[in-house]
Structure formats: C-alpha cells, structure tokens
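Secondary and tertiary structure notes
In case you want the letters, here they are:
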Amino acid sequence: GLLDDSVDAARSVLTVPGIVVVVDGYNVTKSRWPDADPVDQRERLQQALADASAVTGARFEVVYDGTGAGGRPARVVPSMGVHVRFTPESVEADDVVMDLAAALAADHPVVGVSSDRRVRDGLTDRGVRCLASAQLLAALP
C-alpha cells in the first residue's frame, strides 16, 4: 500500500537500513524547479539526493527520460549513494521506474517516488511502497 503522506513518514523511510529509493526524475524536478532547464533540474536534484544519502545512508536510483533534453548533453557527476540513468529514446522512464523498483525489492527494502498516478499505481501493483514527489523533496535535508 501507500505510505502515510506526511513528511515525517518520508524522513523515516529514508533512514531504513539498506533502503533504495527509486525516483521518477523529471516528475520530481519539475515539481521543485519548473522554470529551470532540464540539465539544471537534474543537477539540482542529484546534489540534493547526494546530500540526503550522506546524512541518511539511503541509496537513490534516479531515472530520466532520454539523454538530450534541454539541448545540452546529460551531465552526470558520480555521487556516493546516487545512481542516475537515462532511458533509451523509445522507453518511458515511468516503465523503468516501476520495473527497477520491483526488481530491487527482491533483495532490498525499496520505495518509489513519483506523483504520477500511473507510476504510483504500477508500483503499488508490484508491491512497492510510494512517496509523492513533494513528500520526498520536503524530507530532504
């Protein structure tokens, strides 16, 4: 099922030992930085998640659609605790988020992050708990 939609619930989830947080990248970035270009959105989220990983120990798997959005190539700076991936042009990040979270749940505690109803329903159908994008953002240090 879905977790309590409070910020406290999100903060609690981030401290679960071994937790992997699978993030619907643009769903999160567009809710926080809607006027920034996609490259800036990605860099801001990656930094926020790296900071959160350093504090909580959570591992973040962030999935974005495609590689060239925003007219500049994707710049990914390796960070401890944050792995960023881009889908092939013909594959939606939503599908990768759902499949990745379900696959990881076999070996790790996992939570998915999206406010997209299709993604949230798909995660729930696969037995993966969900946080809303705003809930995660509010819980970040």
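Worth saying up front: this structure is predicted, and the values here are computed from it rather than measured.

Notes on the pairing of strand S1 (residues 20–24)
In terms of residue burial, S1 counts as a mostly covered element, since five of its five residues are buried. A two-sided burial pattern is seen for S1, the buried positions comprising Val20, Val22 and Asp24 on one face and Val21 and Val23 on the other. Two strands pair when backbone bridges link them, and S1 and strand S2 (residues 59–64) are joined in this way by five bridges, in the parallel orientation. Each residue of the ladder has a partner; that of Val20, found in S2, is Arg59. Direction of pairing for S1 relative to strand S4 (residues 110–113): parallel, over a ladder of four bridges. Following the sheet pairing, Val22 is matched in S4 by Gly112.

Description of the confidence of the model for the protein chain
Averaged over every residue, the pLDDT of the protein chain is 89; residues scoring 70 or more account for 89%. Mean pLDDT across the elements of the protein chain bottoms out in strand S3 (residues 82–86) (91) and peaks in S1 (98).

Some points on the pattern of salt bridges
Scanning all chains against the criterion turns up eight salt bridges. With a closest N to O distance of 2.4 Å, Arg118 and Asp95 form a salt bridge. Of this pair, Arg118 sits in helix H5 (residues 117–125) while Asp95 sits in helix H4 (residues 93–104), placing them 23 residues apart in sequence. Overall, Arg118 belongs to the partly exposed group, its relative accessible area being 41%. For Arg117, the salt bridge is made with Asp121, and the minimal N-O distance between the two is 3.3 Å. Taken as a pair, Arg117 and Asp121 lie in helix H5 at a separation of four residues, close to a single helical turn. By sharing partners, the salt bridges in this structure join Glu92, Asp94, Asp95 and Arg118 into a single network.

Thoughts on the sheet that holds S3
What the five strands build is an open sheet, ordered S3-S2-S1-S4-S5; its pairing is parallel. This sheet does not close on itself; its edge strands, each paired only once, are S3 and strand S5 (129–131). In this sheet, adjacent strand axes meet at a mean angle of 25° when their direction is disregarded. Across the sheet, helix H3 (residues 38–56) is in contact with S1, S2 and S3; its angle to S2 comes to roughly 165°.

Quick notes on the side chain of Glu61
Positionally, Glu61 belongs in strand S2. Given a relative accessible area of 6%, Glu61 falls into the buried group. One polar contact links Glu61 to Arg59, side chain to side chain, over a distance of 3.2 Å. Dropping the residues within four chain positions of it, Glu61 is found in contact with Val20, Val21, Val22, Val23, His83, Arg85, Leu100 and Leu104.

Conventions adopted
Residues numbered from 1 in each chain as written. Predicted model: local features only at pLDDT ≥ 70, side-chain atom pairs only at ≥ 80, totals over all residues. Heavy atoms only, no water. Buried < 20%, exposed > 50% of the residue type's maximum accessible area, 1.4 Å probe, protein only. Helix = DSSP H or I, 4+ residues; strand = E, 2+ residues; numbered from the N terminus. Pairing = 2+ DSSP bridges. pLDDT = per-residue confidence, 0-100. Salt bridge = Lys/Arg side-chain N within 4 Å of Asp/Glu carboxyl O. Axes fitted to C-alpha atoms, helices over the stretch in contact; angles between N-to-C directions. Contact = heavy atoms within 4.5 Å. Polar contact = N/O pair within 3.5 Å; in protein donor to acceptor, adjacent residues only side chain to side chain.

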